[in-house]
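Now for the letters of each chain:
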Amino acid sequence: MKLVDSLERFSNACGVTGREEEVSDLLKTTLKPHVDEIKVDKLGNVIGVKKGAKKGAPKIMLAAHMDEIGLIIKNINKDGFLQFSKLGGIDDRILIAQRVMVHTEKGKKLGIIGSKPPHIMKEEERKKIVEIDKLFIDVGASSKEDAQKMGLKVGDVISFDTKFARITDDLVVGKAFDDRVGCCLLIEVMKELEQTDCTVYAVGTVQEEVGLRGAMVSAFRISPDVALALDVTVAGDIPGVKEIEAPTKMKKGPVIGVMDAGLITHPKVLNLLMNAAKKAKVDYQLETGLAGSTDAARIALTREGVPCGVLSIPTRYIHSPSSILSLSDVKKAVKLAVAAINDAPRTF
Ligand SMILES: [Zn+2]
C-alpha cells in the first residue's frame, strides 16, 4: 500500500482513547507482512517485532499511539440530546457545529454538536466562548427513551466525522493525524528496514492522549535499550503564530525533539538522529519547549531508564477535527528513522 493510501485508511479509522480496536486491527494486518512476529498485549498495544541478526545488539522500540482525541457521552437528557465530556486535550472553541460519529453497540450514529444560534443570543453572550457544558449532540432522538432505543448510552465514545482528502500533490487533510501518521511511519519504517543487527519493536500504543498509558506497560514488557516516539508536533507556519511560539514549519522536514514538557532527549539519541539525518541527506528541524509531551516521556522512565528521543511530523491544526500535513515530511522521516536504526549499534 502506498503511503498516501495507508494514511487515508488510518485517518478515517476511529479509535478514540480507550476504544482503539478498529485502528489496532488495521495496524495488525498492515504491519504483519513486515515483521517476524506480532502480538497484542493485555491493554491492547500492538507489538510487532523484527528480529535482529546479531546477538547482543540493541533492542530498539518505536512507538506511535493509535488513539485519537474524542468525546464521551456523560448524560442523555430527557429530550434525547447528548451531553458529553472530552477525552484528551480539546479546545471548546473547535466543537461548535462539528459533525460527529457516536459509537454505539448498534453501530455508528451521526450527530451534530449543537448550540444556541447567534440570532437569539444577547450581545454579551455572542462575545463569549461557548463552553462544553452549554453544548450538546443532536442525533435526531426525540426523547431519552428514543436515544436508548437507538443504542446510545452513557460511556459511548464519539469521534469527529472528517474524511481524508488530498488538497495538493504533497498536502493532505484529515482527522487524527495525531498519531495515525505515526502508525503509518511504523509500517513504512519496518517495510524499508532490511535485515539489521538490532531487534526492532514497532509498537502501536493505546491511551496516549490521557496520560501515555499504553507506552508505559509496553515498554516494561520490551525493556528496550533505546526508544523513539513517532508523533506529530505543531507547525507554526500559519497567520497569528509568532516564530518564537512555534518555529517548526510544514515541508521543512521532520522535527527532532530536543526537549518538551516530559522529556529531555538523551544526548546520545539526539546525536544518533542528527547524524542519521546527515547520512540520509534529509533536512530536519529541532524543537524545544513545547508544552505537551509524547510516549517517549513515559518510556524513558521505564525500569532503570531508557534513552529516548522523538521524531515528529510538523502538522497544522493538531487536536482539531481537520489537520494538514506534508507527505514529503513523512517520507523524509522514514529515511531518517531507518538510517538511525541502522546506525544505532555503534552507539548503544
Ligand atoms: Zn500524539
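Heads up: the structure comes first, above all this text.
Analysis parameters
- Numbering of residues starts from 1 in every chain and runs along the sequence as written.
- This being a predicted model, a pLDDT of at least 70 is required before a residue's local features are given, and a value of 80 or more before pairs of side-chain atoms are given or counted; all residues contribute to the totals for chains, interfaces and linings.
- Excluded from the side-chain calculation are hydrogens and water; included are all heavy atoms of the structure.
- Strands are runs of DSSP state E lasting at least 2 residues, helices are runs of H or I lasting at least 4, and numbering of each runs from the N terminus.
- Relative accessibility thresholds used throughout: buried, under 20% of the residue-type maximum; exposed, over 50%; partly exposed, between the two (1.4 Å probe, protein chains only).
- This count recognises Lys and Arg as positive and Asp and Glu as negative, with His and chain-terminal groups excluded.
- Every case where a carboxyl oxygen of Asp or Glu lies within 4 Å of a side-chain nitrogen of Lys or Arg is listed as a salt bridge.
- N or O atoms within 3.5 Å of each other form a polar contact, as long as, within protein, one can give a hydrogen and the other can take it, and as long as residues adjacent in sequence are counted only when both atoms are side-chain atoms.
- Any two residues having at least one pair of non-hydrogen atoms within 4.5 Å are treated as being in contact.
- In this analysis, the protein atoms alone were mapped onto a 1 Å grid. Cavities are point sets where a 1.4 Å probe fits without being able to get out; pockets are open sets with protein on both sides within 12 Å along at least five of seven lines; lining residues have an atom within 4 Å of a point.
- Grid points are joined across faces, edges and corners, and a volume is the space filled by probe spheres set on the points.
- Basically, the charged four are Asp, Glu, Lys and Arg, the nonpolar ten are Ala, Val, Leu, Ile, Met, Phe, Trp, Tyr, Cys and Pro, and anything else, Gly included, counts as polar.

Q: Honestly, the side chain of Glu 20 in this entry has me stumped. Any pointers?
A: Note on placement: Glu 20 falls in the loop between helix 1 (3-12) and helix 2 (21-31). No salt bridge is formed by the buried Glu 20; the nearest opposite charge belongs to Arg 19, separated by 6.8 Å. Here Gln 207 takes part through its backbone nitrogen, which lies 3.0 Å from a polar atom of the side chain of Glu 20. Setting aside chain neighbours within four positions, we find Glu 20 in contact with Gly 15, Met 66, Asp 67, Val 206 and Gln 207.

Q: It is not clear to me how empty space enclosed by the protein should be interpreted in this structure. Could you clarify?
A: Any empty space left between atoms is shown by rolling a water-sized probe over those atoms. Applying the stated criterion to the full structure yields two cavities of 30 Å³ or more. The calculated volume of the largest cavity comes to roughly 80 Å³. Along its surface, the largest cavity is lined by Glu 68, Ile 69, Phe 160, Lys 175, Ala 176, Phe 177, Asp 178, Ile 318, His 319, Ser 320 and Ser 323. For the lining of the largest cavity, the class distribution of residues is five nonpolar, three polar and three charged. Space inside the second largest cavity adds up to approximately 40 Å³. Lining the second largest cavity, in full, are Ile 60, Val 226, Leu 228, Leu 272, Ala 340, Ile 341 and Ala 344. Of all the secondary-structure elements, those providing two or more residues to the lining of the second largest cavity are strand 13 (226-234) and helix 9 (327-343). Each residue belonging to the lining of the second largest cavity can be placed in one class, and the counts come to seven nonpolar, no polar and no charged.

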